[in-house]
Amino acid sequence: MKKAELVSAIAEKGGYSKKDAEKALNTVIESISDVLVAGDKITLVGFGTFKTKENPARTGRNPRTKEPVEIPAKTVPVFKAGQSLKDAVNK
């Protein structure tokens, strides 16, 4: 499902206009991003948790040349599904 399809589904299910549904979705996405950038986490009980994870620097290999390559440390976003979401998906 693409963003436009999600906006349509939100609008239909909630009885909103597509413009209002898109505005609400964009606000939620921006808010989640802002919290993660600040280094905090968001827990939505029954749905899941958004947080960040630190990946340490490491040495990898270039698959073409087999030369060692230094991969820098970075922070990545992570989502862990809650039990209610896992149960709903596995029905």
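So, here is what we can say about the structure in this document. (Residues numbered from 1 in each chain as written. Predicted model: local features only at pLDDT ≥ 70, side-chain atom pairs only at ≥ 80, totals over all residues. Heavy atoms only, no water.)

## Points about the environment of glycine 60
Piece 1. Inspection of the secondary structure puts glycine 60 in strand 3 (residues 58–61).
Piece 2. On a C-alpha basis, the gap between glycine 60 and leucine 36 in space is 27 Å, while along the polypeptide they are 24 residues apart.
Piece 3. Residues within four places of glycine 60 in sequence aside, it is in contact with Glu67, Pro68, Val69 and Ile71. (Helix = DSSP H or I, 4+ residues; strand = E, 2+ residues; numbered from the N terminus. Contact = heavy atoms within 4.5 Å.)

## Remarks on the packing of helix 1 (residues 3–14) against helix 2 (residues 18–37)
Piece 1. Orientation of helix 1 relative to helix 2, taken along the N-to-C sense of each, is 115°, at an axis distance of 8 Å. Where helix 1 crosses over helix 2, the two elements pack in a sense that is right-handed. Taken together, the residues of helix 2 that come into contact with helix 1 (itself represented by Lys3, Leu6, Val7, Ser8, Ile10 and Ala11) are Lys18, Ala21, Glu22, Leu25 and Asn26.
Piece 2. By residue class, the composition of the contact of helix 1 with helix 2 is six nonpolar, two polar and three charged. (Axes fitted to C-alpha atoms, helices over the stretch in contact; angles between N-to-C directions. Left-handed = near helix turned anticlockwise from the far one by under 90°. Nonpolar A, V, L, I, M, F, W, Y, C, P; charged D, E, K, R; others polar.)

Treat this as a map of the structure, not an account of what it does.
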